[in-house]
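Chain and residue survey
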Amino acid sequence: MSDPQSREHLQVVAGGVLPADDWESVYRDHVVPVYRFAYARVGNRPDAEDVTASVFERALPRLRTGATEAQMRGYLFATARSVLAEHWERRFSVNELPEDTANPDQDPQPEDAHDEWVDTVLSGLPGNYREVLELRFLRGYTLKETALAMGTTVGNVKVLQLRALRRASKEVEP
Amino acid sequence: MSEKDLQRAIEAMLRDERPPHGSLTRDEAAALRAAARLRAAHPGADNPTPEFVDALMRRLREPRSSSTRRGFLRGAGIAAAAAVIGVGADHAIEAMTDKTAPKPNAGGSLVPWSASWKPVTTLTELASKPVVRFSSGAVTGFVIRNRDTITAMSAVCTHQGCILDAAEDSNRLVCPCHSQTFALDGSPNPGDYYLQPLPRIRSRVNGDAVEVFV
């Protein structure tokens, strides 16, 4: 498992422990990006909140004065990847790390950027797969509303959306 | 995970709730990750609530020393930090930079810098009662006998800091606040919260006495 705390290049930051005022600003600057990064990998609010809290609880006491913005950001996201990997392992007994968790040096995409992955995946899917994912995930339709819109049954929507997700994850690894 | 369980997990995500525990194959995990990523693309879905942002800020801001105590506790989480009082900040900082320190995600150990061995129970008591709770100074913990092995660990829930109880049959530790339970090795049982294991406390047997280093 990835253990960012043991990675020297992230730890090598001269100076003392960050004064409270400084880490509060580090927190304010990064809490939203870290939360969004987590959310896109857990898909729900309570888990995203837990992951975000764990990231700052772990990382803040280890940040030192003198760290550059890039170092702090790198350390926070490396910690986030580690926390997320543990989360998936605990919740779903998944040992294999997804690509961006396994690769610590890949920078997360800018938090406000539109997620290109979504466009790429949706455009590559057959029509009914794309439609069910758009209605349910992007537009927030309920099962019933989706069934109505697609002229099918709730049961079929469930089956269809799972197939669509399986297919989407094969087309491009999320 | 069965097809139905996987569908349930997806529906939970779409309601913005935690998906239930389960064991996923590689393909199933990939499908669920795709669901998470799509879910995040729903407009506004991935914005943290201001309440959460403020509450976490307040938790992290707790007296300056508590964040150094967190380091001292080596990742045991804020709640467990409540178990320790009076740790010199300098020492705690040293502990944080200690290269030999356990990995912070391993649940950590409670090893105070100025501590001594204190007797908290006896082998005789443990023979009839495998889980004994003790309070010694600032630390509340359990001494746990599992056949011939004795371990000690913090009794402070790593969720919100409530003091755990031993279950009546002494086979697990139960939090009175949110019903979270921990196994006797300190690992959190699957539940609603994402928790750290209970930090260990050093223990030894001295004659009949069981002593902890607190």
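Analysis parameters
- Residues numbered from 1 in each chain as written.
- Chains lettered and ligands numbered in written order.
- Predicted model: local features only at pLDDT ≥ 70, side-chain atom pairs only at ≥ 80, totals over all residues.
- Heavy atoms only, no water.
- Contact = heavy atoms within 4.5 Å.
- Buried area = accessible area lost by both parts, 1.4 Å probe.
- Salt bridge = Lys/Arg side-chain N within 4 Å of Asp/Glu carboxyl O.
- Helix = DSSP H or I, 4+ residues; strand = E, 2+ residues; numbered from the N terminus.
- Nonpolar A, V, L, I, M, F, W, Y, C, P; charged D, E, K, R; others polar.
- Core = buried A, V, L, I, M, F, W, Y, C linked by side-chain atoms within 4.5 Å.
- Buried < 20%, exposed > 50% of the residue type's maximum accessible area, 1.4 Å probe, protein only.
- Expected span 1.5 Å × (residues − 1).
- Pairing = 2+ DSSP bridges.
- Phe/Tyr/Trp six-rings, centres within 6.5 Å; stacked < 30°, edge-to-face > 60°.
- pLDDT = per-residue confidence, 0-100.
- Axes fitted to C-alpha atoms, helices over the stretch in contact; angles between N-to-C directions.
- Left-handed = near helix turned anticlockwise from the far one by under 90°.

Many structure descriptions define interface size as the accessible area lost when the parts assemble. Contact with chain B, which involves 67 residues of that partner, is made by 69 residues of chain A. When chain B packs against chain A, the two sides together hide about 6,500 Å² of surface, and 59% of this comes from carbon and sulfur. Connecting chain B to chain A are seven salt bridges. Breaking the side of chain B that touches chain A down by element, the ones donating at least two residues are helix H1 (3-14), helix H2 (26-40), helix H3 (50-61), helix H4 (64-72) and helix H6 (89-97) of chain B. Among the elements that take part in the side of chain B that touches chain A, H2 of chain B stands out by supplying 15 residues, more than any other. Looking at the side of chain B that touches chain A, its residues break down into 35 nonpolar, twelve polar and 20 charged.

With that settled, consider the nonpolar core. What tends to happen in soluble globular proteins is that the nonpolar side chains get buried as a cluster. One finds Leu133, Phe137 and Leu165 of chain A together with Leu24, Leu32 and Leu38 of chain B to be the most contacted residues of the largest nonpolar core, which totals 35 residues. Where this core is concerned, the elements lending two or more residues are helix H4 (69-92), helix H6 (116-123), helix H7 (127-138), helix H8 (143-150) and helix H9 (154-171) of chain A together with H1 and H2 of chain B. Per-element accounting of this core gives the leading share, seven residues, to H2 of chain B. When neighbours within four sequence positions are excluded, Leu38 of chain B is seen to be in contact with Trp117, Val118, Leu122, Leu133, Phe137, Leu138 and Leu165 of chain A. In terms of nonpolar packing, the next biggest core, distinct from the first, is built from 34 residues, Trp23, Val26, Tyr35 and Leu60 of chain A among them.

In this section: the pattern of salt bridges. As enumerated under the stated definition, the model contains 15 salt bridges over all chains in all. Note that Arg36 of chain A and Asp46 of chain B form a salt bridge whose closest N and O atoms lie 3.8 Å from each other. One end of the pair, Arg36 of chain A, is in helix H2 (residues 20-42); the other, Asp46 of chain B, is in the loop between H2 and H3, on a second chain. Residues Arg36 of chain A and Asp46 of chain B agree in their burial class; the two are buried. Ionic pairing is found between Arg45 of chain A and Glu49 of chain A, a salt bridge with its closest N-O pair at 3.7 Å. One end of the pair, Arg45 of chain A, and the other, Glu49 of chain A, are both in helix H3 (residues 45-59), four residues apart, so they sit about a helical turn from each other. The class for Glu49 of chain A is buried, based on a relative accessible area of 18%.

Over its 15 residues, H2 of chain B runs 21 Å from end to end, which matches the ideal 21 Å to within 8%, given 1.5 Å per residue. Counting buried positions over the 15 residues of H2 of chain B gives 13, a clear majority of the element.

All right, on to the sheet that holds strand S6 (residues 165-166) of chain B then. Residue and element names in this part refer to chain B. The three strands are arranged S6-S7-S8 in an open sheet whose pairing can be described as antiparallel. Whereas interior strands pair on both sides, the edge strands pair on one side only; in this sheet they are S6 and strand S8 (181-182). As judged from the two bridges shared by S6 and strand S7 (residues 173-174), these two strands associate in the antiparallel manner. Each bridged residue has a counterpart across the sheet, and for Ala166 the counterpart in S7 is Leu173.

The next point concerns the packing of aromatic side chains. What the rule picks out here adds up to six aromatic pairs over all chains. When the centroid spacing of 5.0 Å and the interplanar angle of 75° are considered together, the rings of Tyr27 of chain A and Phe56 of chain A count as edge-to-face. Pair noted here: Tyr27 of chain A is in helix H2 and Phe56 of chain A is in helix H3, with a separation of 29 residues, a long-range link. Under the relative-accessibility criterion, Phe56 of chain A is labelled buried at 0%. Centroid distance Tyr35 of chain A to Tyr39 of chain A: 6.1 Å. Interplanar angle 35°. Geometry classified as tilted. You can see Tyr35 of chain A and its partner Tyr39 of chain A sitting in helix H2, four residues apart, about one turn around the helix. Judged by relative accessible area, Tyr39 of chain A falls into the buried class, the value being 0%. Put simply, the rings of Tyr35 and Tyr39 of chain A together with Phe52 of chain B touch in pairs and so form one group of aromatic residues.

All names here are of chain B. Confidence in the prediction for chain B averages 76 pLDDT; 73% of positions are at 70 or higher. Confidence scores differ between elements of chain B, with H6 showing the lowest mean pLDDT of 33 and H1 the highest of 93. Per-residue pLDDT stays below 50 along residues 64-107; that stretch engages in 100 contacts with residues further than four places along the chain or on separate chains. For this predicted complex, the interface confidence comes out at an ipTM of 0.84, alongside a pTM of 0.58.

Let's shift gears to the packing of H7 of chain A against H8 of chain A. Residue and element names in this part refer to chain A. Close contact between H7 and H8 brings their axes to 10 Å; oriented N to C, the two are set at 145°. Handedness of the crossing formed by H7 with H8: right-handed. Each of Asn128, Glu131, Val132, Leu135 and Arg136 in H7 lies in contact with H8, whose residues at this interface are Leu143, Thr146, Ala149 and Met150. When grouped by side-chain class, the residues that make up the contact of H7 with H8 number five nonpolar, two polar and two charged.

Now for the sheet that holds strand S10 (residues 203-206) of chain B. Residues and elements named next belong to chain B. Read across the open sheet, the three strands follow the order S2-S11-S10; overall the sheet is antiparallel. In this open sheet, the two edge strands, each paired with only one partner strand, are strand S2 (117-122) and S10. Within the sheet, the average angular offset between the axes of one strand and its neighbour, ignoring direction, is 35°. In terms of strand pairing, S10 meets strand S11 (residues 209-213) through four bridges, oriented antiparallel. Directly across from Asn206, in S11, lies its bridge partner Ala209.

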